[in-house]
Amino acid sequence: IFFRALKMRAAAAILLTAVTVMIVGTQYERAQLHMQVDALTARNRLLREHASPAVWELINETKTAEKEVCQSGSSELKTLFATIRDFFPHHGDDEASGWPTAIFLVLLALAFWKTCSWLSKEVSKLQRLKKMVPAADLHHYNINQFFSYRADYYLSTQSYAKPLALGAFTLIIISIGGFLKCGLTGITLGSSFWDSWIYVVDTSAHADEETTTERVSALLSTVGGMFIFATMIGLINDAFAQQLESLQYGSSPVLECGHVVILGWSDKLMPLLKELALAAESEGGGVIAVLADQDKQDMEAEIDQANLDLRGSIIVCRKGSPTQASSLDHVSVKTAKAIICLSPTDAGLTADEVDGYVMQVILCLKGMDPKGHVVSELQDVDNVPLTQLVGGDIVECVVAHDFIGRLIVQSGRQPGLAQVLESLLGFGGSEFYMQQWPELVGCRFGDVLFQFAHAIPIGVIKEDGTTLLSPENEYEVEDTDELIVLAEDDDSYEPAPNPFLRLGRELSFVMTSDTSFLRRSTVESILVVGWRRDLGDIMDELNSSVPENSEVTLFSDQPNDDGLRERMLETDGRKSVSKMTNLVISHVVGNQVCRADLEMLPLEKYTTVFILHEEYKNIQEADGRILTTLFLLRDIHQKRAKTMKVDREHLTIISEVLDPRTREQMVMAGVRDYVMSNEVVSAALAMVAECRPVNKILREILSNEGVEIYIRPLEQYYRKKDLSMSFFDVMLMVRECSGHILMGYVPEPGMILLNPDDKLRRRRWKPEELLIVLSQD
């Protein structure tokens, strides 16, 4: 009933009464102060007129003696000097003004009004709850538990609740102390409030009080002040800790422009960060923002454990969902120059489910209208058209499995090509760059080939986006064409005024016109160890690469009951097994890490062996199985080569490797034919993120149609031995002989030189040296 009575009108009446009393009290205090001031002014004037300098000197000596007496503790002298002090004026004493007291009382009345209004609402809510709950549960709804519940709610959900509660408690302590001292000592209300505030903030201020009543009131205010400041320190500590925790968990937005954003977290992230850092090294480093649904501290710890050489780049991690616009805005995707969307690696997700998630992210990005392009990693090549339809012209798709499958197939057909492509992809050496050169407009492409001392032109990009790799020599560069070159950096090359060499000059060596070596005509026999989802796509790629009647044996622990494997190949592949014209597929069931099962295979008849990564294994387990299979196959084949008459002692084995540590072990064992799946895909993603047209170049180079990279010995281009030529001489010879573009060479096993700097320096070439050429089929 009491709380209900304290409604607006009652609170207004109380407030009006309090204000009236304060105004009257304030006027009375001001009148008393004016009378005291007038009396002191008159006394000072009288002293100035009649007192001699000796009297003023006596006054100063009296003040000094007063301090000494106070220290000695003589009560009689204290009384004497107190009388003298009351007679003479003290200009330092300043009575409190009435207006601060009035303002304080108004604030106190407002706080009381708000508190009563809040209590009234809460009590009304409690009574409504009591009417709705059963009678047996009414004992849970008493006023103490209810207000404990409401206080807990406000303190835990409202950020201002704790400071507000502390301020209210401080106001109550000051008010109680001020009213108590005013009633006990008789001083003005303003002075008592001020003294109460001093007692609260200064725990030693009550030591100067002399009477018992003053000491009691001061002690109560001091104890309350100790509690207030202890609570305040706790609140400040909590607020500071929350702010630090907020910074640690990445609550602040990323305020950058022209940076690269990576959405998602997978085993390709570390090599991707490495490649992006290499790309930004020439600019002094860049900013890479990573958004993933993981704790920021865990992401930073894993990046630190990778020991990446960031080369001046900065990595910023933020926790959030890439499918939420608020999280995307948190990493400033609108101002990023490129956005890379990684495929999730959750166990149990199918390729279509993974690509569906990527499309959802792209759809969210498209709604935010980013300035840069989006590079999306997909798992199934069949989902590329739909992804491009969803993303429009802002999306570039890199199909990881298709990319690796093509790379494995081409590496198997040409031993050593895996290392070449690994050197070509990424920013560790020479990479692809595009730029318009007005001074080259109208020049023949055959002359442009020999006009760069530190780059190798390989094609042009037309105005409509069409990519022409290795065009004809007579092709004239247009003003809208962008020249595609292989160079170390975008600022490391420029065209010379005139070509260093020209096509059609009289050569001092004998060329061969036989280019039949570019195509394999013998039937191939291939062994594929392991099973993966996109094996059907790999078979389709092999079918278009090998001669007719070639054989492939699929060896895996995948069951083949009732033609299960063929149905899986037809489901996952782009073409039915029965429609493959060049390939004959046979199946063998066995354990790839079991020597007895591997010895059942006729290794002596195979030309190439592919060891594939099994998707359902983790990285370490899969690489361990690949290493075991590799060494078992090598050992079995070497022993058979000694005891049996076989056609070849060397067997080309192409292994798919995921972990860089596994590559180190393979290099130590003398194995060079391997494909680093994660690093290759990460390098491709980084290159497309830095330059969109690179995606078309990579697709064409890795396809079986159009332009491809070949590794051929020098002796297949000329018939003279021990020639002393420059790189430009060999490049000219290869171009006129077959129309190919020389990109580099292999001076010794394991060493690859792409785009060498000393193109004019003459050296002695051996017939068996391998050349890296770009060929137009």
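The sections below set out a description of the structure shown in this document. On a predicted model such as this, the values are computed, not experimentally measured, just so you know. (Residues numbered from 1 in each chain as written. Predicted model: local features only at pLDDT ≥ 70, side-chain atom pairs only at ≥ 80, totals over all residues. Heavy atoms only, no water.)

1. Focus on the overall build of the chain
Scanning the chain for helices and strands turns up 25 helices and 22 strands. Looking at the 777 residues of the chain, the share that counts as buried comes to 47%. In the chain, the proportion of contacts linking residues at least 24 apart, taken out of those at least 6 apart, comes to 76%. Surface exposure of the chain reaches about 39600 Å², of which carbon and sulfur atoms provide 55%. (Helix = DSSP H or I, 4+ residues; strand = E, 2+ residues; numbered from the N terminus. Buried < 20%, exposed > 50% of the residue type's maximum accessible area, 1.4 Å probe, protein only. Contact = heavy atoms within 4.5 Å. Areas by Shrake-Rupley, 256 points an atom, 1.4 Å probe, with all protein chains shown as cover.)

2. Re helix 7 (residues 161-185)
Over its 25 residues, helix 7 runs 36 Å from end to end, which matches the ideal 36 Å to within 8%, given 1.5 Å per residue. The complete set of buried residues in helix 7 reads Ala-161, Leu-166, Thr-170, Leu-171, Ile-173, Ile-174, Ser-175, Gly-177, Gly-178 and Lys-181. (Expected span 1.5 Å × (residues − 1).)

3. Some points on the packing of helix 21 (residues 619-643) against helix 22 (residues 660-668)
At their nearest, the axes of helix 21 and helix 22 sit 10 Å apart, and the two run at 15° to each other. Relative to helix 22, helix 21 is oriented roughly parallel. For the pair helix 21 and helix 22, the sense of crossing is right-handed. Along the contact surface, helix 21 presents Gln-620, Asp-623, Leu-627 and Leu-630, while helix 22 presents Arg-661, Thr-662, Gln-665 and Met-666. Residue classes in the contact of helix 21 with helix 22 are distributed as three nonpolar, three polar and two charged. (Axes fitted to C-alpha atoms, helices over the stretch in contact; angles between N-to-C directions. Parallel < 35°, antiparallel > 145°, perpendicular 65-115°, else oblique. Left-handed = near helix turned anticlockwise from the far one by under 90°. Nonpolar A, V, L, I, M, F, W, Y, C, P; charged D, E, K, R; others polar.)

4. Focus on a nonpolar patch on the surface
Together, Trp-194, Trp-197, Val-201, Phe-229, Met-232 and Ile-236 give the surface a local cluster of nonpolar side chains, amounting to about 550 Å² of exposed area. Elements with a minimum of two residues in the nonpolar patch: helix 8 (189-201) and helix 9 (212-248). (Patch = residues over 30% accessible without salt bridge, like charges linked within 9 Å, V, L, I, M, F, W, Y side chains within 5 Å. Salt bridge = Lys/Arg side-chain N within 4 Å of Asp/Glu carboxyl O.)

5. Considering the sheet that holds strand 19 (residues 741-748)
In a beta sheet, neighbouring strands are held together by backbone hydrogen bonds and run either parallel or antiparallel to one another. Here four strands make up an open sheet; going across it, the order is 17-22-19-20 and the pairing antiparallel. For this open sheet the edge positions go to strand 17 (707-713) and strand 20 (751-754), each flanked by a neighbour on one side alone. Strand-to-strand, the axes of this sheet are offset by a mean angle of 25°, without reference to chain direction. Note: strand 19 against strand 20, three bridges, orientation antiparallel. Each bridged residue has a counterpart across the sheet, and for Tyr-745 the counterpart in strand 20 is Leu-753. (Pairing = 2+ DSSP bridges.)

6. Structural notes on the packing of aromatic side chains
Within the structure shown, the criterion is met by six aromatic pairs. Residues Trp-437 and Phe-452 carry aromatic rings whose centres are separated by 6.0 Å and whose planes lie at 65° to one another, so their mutual orientation is edge-to-face. Taken together, the residues Trp-437 in the loop between strand 7 (431-435) and helix 17 (445-448) and Phe-452 in the loop between helix 17 and strand 8 (455-461) connect sequence positions 15 residues apart. Arranged with centres 6.2 Å apart and planes meeting at 40°, the rings of Phe-727 and Tyr-745 form a pair that is tilted. Of the two residues, Phe-727 is situated in helix 25 (residues 727-738) and Tyr-745 in strand 19; the sequence distance between them amounts to 18 residues. Across the pair, Tyr-745 and Phe-727 agree in class, each one buried. Through pairs of rings, three or more aromatic residues link up here, namely Trp-437, Phe-452 and Tyr-493. Over the aromatic face of Trp-765 sits the side chain of Arg-763, whose NZ or CZ is 4.4 Å from the ring centroid. (Phe/Tyr/Trp six-rings, centres within 6.5 Å; stacked < 30°, edge-to-face > 60°. Lys NZ or Arg CZ within 6 Å of the ring centre and 35° of its normal.)

7. Points about the pairing of strand 17
Counting buried positions along strand 17 gives seven out of seven residues, so the element sits mostly inside the fold. Here seven bridges tie strand 17 to strand 22 (residues 770-776), and the two strands are oriented antiparallel to one another. When the bridges of strand 22 are listed, Arg-712 appears paired with Leu-771.

8. A few points about the nonpolar core
Within the largest apolar cluster, 120 residues are counted, with the highest numbers of intra-cluster contacts made by Ile-262, Ile-340, Phe-432, Met-539 and Leu-771. No other element matches the nine residues that helix 23 (residues 677-690) contributes to this core. Beyond its immediate chain neighbours, meaning those up to four positions away, Ile-340 contacts Val-260, Val-261, Ile-262, Leu-263, Leu-272, Leu-276, Val-375, Leu-685 and Ala-689. Grouped together as the second largest cluster of nonpolar side chains are 27 residues, Val-287, Ala-336, Met-368 and Cys-397 included. (Core = buried A, V, L, I, M, F, W, Y, C linked by side-chain atoms within 4.5 Å.)

9. Let's talk about helix 13 (residues 351-368)
Under the 1.5 Å per step criterion, the end-to-end length of helix 13 is 26 Å for 18 residues, consistent within 8% with the ideal 26 Å. All of the buried residues in helix 13 are Ala-351, Val-354, Asp-355, Val-358, Met-359, Val-361, Ile-362, Cys-364, Leu-365 and Met-368. Looking at the packing, one finds that the buried side of helix 13 touches strand 1 (260-263), helix 12 (325-330), strand 4 (338-341), strand 5 (373-378), helix 14 (384-391) and strand 6 (395-399). In the stretch just after helix 13, Asp-369 is the one whose phi turns positive, near 55°.

10. Structural notes on the pattern of salt bridges
Inspection of the entire model under this criterion finds 24 salt bridges. Close ionic contact of Asp-309 with Arg-311 constitutes a salt bridge, the shortest N to O distance being 3.9 Å. The class for Asp-309 is partly exposed, based on a relative accessible area of 49%. Owing to a relative accessible area of 33%, Arg-311 belongs among the partly exposed residues under this scheme. Salt bridges here are not isolated pairs; linked through shared partners, they connect Arg-595, Glu-599, Asp-635 and Lys-639.

11. Considerations on the sheet that holds strand 12 (residues 550-556)
On the basis of which strands lie adjacent, the open sheet formed by six strands has the order 13-12-11-14-15-16 and parallel pairing. Edge positions in the sheet fall to strand 13 (583-589) and strand 16 (674-676), since each of these pairs with one other strand and no more. Taking the axes of each pair of neighbouring strands and ignoring which way they run, one obtains an average angle of 15° across the sheet. By the bridge criterion, five bridges tie strand 11 (residues 525-529) to strand 12 in an arrangement that is parallel.

12. Section: the environment of Trp-531
Topologically, Trp-531 is positioned in the loop between strand 11 and helix 18 (535-543). Look at Trp-531 and you get buried, because its relative accessible area is 8%. For Trp-531 and His-613, which are 82 residues apart along the polypeptide, the C-alpha to C-alpha distance reads 7.6 Å. Once residues lying within four places of it in the same chain are set aside, the contact partners of Trp-531 are Leu-554, Ser-556, Gln-558, Arg-565, Met-568, Leu-569, His-613 and Glu-614.

13. Quick notes on the side chain of Thr-629
Inspection of the secondary structure assignment puts Thr-629 in helix 21. A residue is classified by how much of its surface remains accessible, and Thr-629, at 0% relative accessible area, is buried. Ignoring any residue separated from it by four or fewer positions in sequence, one finds Thr-629 in contact with Val-529, Gln-592, Val-593 and Ile-611.

14. Some words on the packing of helix 15 (residues 400-413) against helix 18
If you want to describe how two helices pack, look at the angle between their axes and the distance between the axes. As a packed pair, helix 15 and helix 18 sit with axes 9 Å apart at the nearest point and diverge in direction by 40°. The angle between the axes of helix 15 and helix 18 places the two elements in the oblique class. The element helix 15 and its partner helix 18 pack so that their crossing is right-handed. In this structure, helix 15 uses Gly-405, Arg-406 and Val-409 to contact helix 18, whose residues at the interface are Ile-538, Glu-541 and Leu-542. Here the contact of helix 15 with helix 18 is composed, by residue class, of three nonpolar, one polar and two charged.

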